[in-house]
Structure formats: structure tokens, C-alpha cells
Amino acid sequence: MTKNEGRLDRSLRVSAGLVLIALAATGTLGPWAWLGVVPLATGALGWCPLYTVLGINTCKR
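These notes cover the structure that comes with them.

Analysis parameters
- In this numbering scheme, every chain counts its residues from 1 along its sequence in written order.
- For a predicted model such as this one, the threshold for reporting local features is a pLDDT of at least 70, and the threshold for listing and counting side-chain atom pairs is 80 or more; totals across whole chains, interfaces and linings nevertheless cover every residue.
- The basis for every side-chain value is the complete set of heavy atoms in the structure, and neither hydrogens nor water enter the calculation.
- We count a stretch as a helix when DSSP gives it H or I for four or more residues in a row; a strand needs E for two or more, and each element gets its number in order from the N terminus.
- In this description, contact between two residues means that some pair of their heavy atoms is separated by no more than 4.5 Å.
- We count a salt bridge whenever a side-chain nitrogen from Lys or Arg sits within 4 Å of a carboxyl oxygen from Asp or Glu.
- Burial classes follow relative accessibility: with a 1.4 Å probe on protein chains only, a residue under 20% of its type's maximum area counts as buried, one over 50% as exposed, and anything between as partly exposed.

**Some points on the overall build of the protein chain**
Consideration 1: Looking only at helices and strands, one finds three helices and zero strands in the protein chain.
Consideration 2: N-terminal to C-terminal, the α/β element order of the protein chain is α-α-α.
Consideration 3: In terms of its C-alpha atoms, the protein chain occupies a principal-axis envelope of roughly 40 × 20 × 15 Å.
Consideration 4: When contacts within the protein chain are restricted to residue pairs at least 6 apart in sequence, long-range pairs at least 24 apart make up 66% of them.

**Points about the pattern of salt bridges**
Consideration 1: Tallying each qualifying case throughout the model produces two salt bridges.
Consideration 2: The partner of E5 in a salt bridge is R13, and the shortest N-O contact between them spans 3.2 Å.
Consideration 3: Residue class for E5 comes out buried when judged on its relative accessible area of 2%.
Consideration 4: Note on R13: relative accessible area 16%, which makes it buried.
Consideration 5: The residue R13 makes a salt bridge to D9 at a minimum N-O spacing of 3.1 Å. Placement of the pair is R13 and D9 together in helix α1 (residues 7-26), with a separation of four residues, close to one helical turn. D9 shares its class with R13; the two are buried.
Consideration 6: It is possible to trace a salt-bridge network through shared partners that takes in E5, D9 and R13.

So this is what it looks like as C-alpha cells:
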């Protein structure tokens, strides 16, 4: 698992994931908002499987 997400990409994913999870926990959005776990996990790991398949790399290394 080589990192394929840059710093900005990772922070946006983590932020979006946390917002979606918070909205799901408060009942503001339906159960689909629990999918916020996906961007949260990919942002925390710095690796996105879809980016690997599509050949995208936003990491500057």
C-alpha cells in the first residue's frame, strides 16, 4: 500500500468523513451518512484503492 493521497486530499477526506459521521450520529442525515467512514479511513491511511485502480496519485513523493 503505497501512499497515493497528498496532504490536502487527506485532510479534506478526514474532514468530510467526520462531518458525515457526526450528521449520521445526530440523526440529521439517514443511515447512508455512515459511509463517511470510508473517506475517514482512506484519509487516515493516505491510500485510496480507487486511486490505485485509476492510476491517480496526489502525493508529491
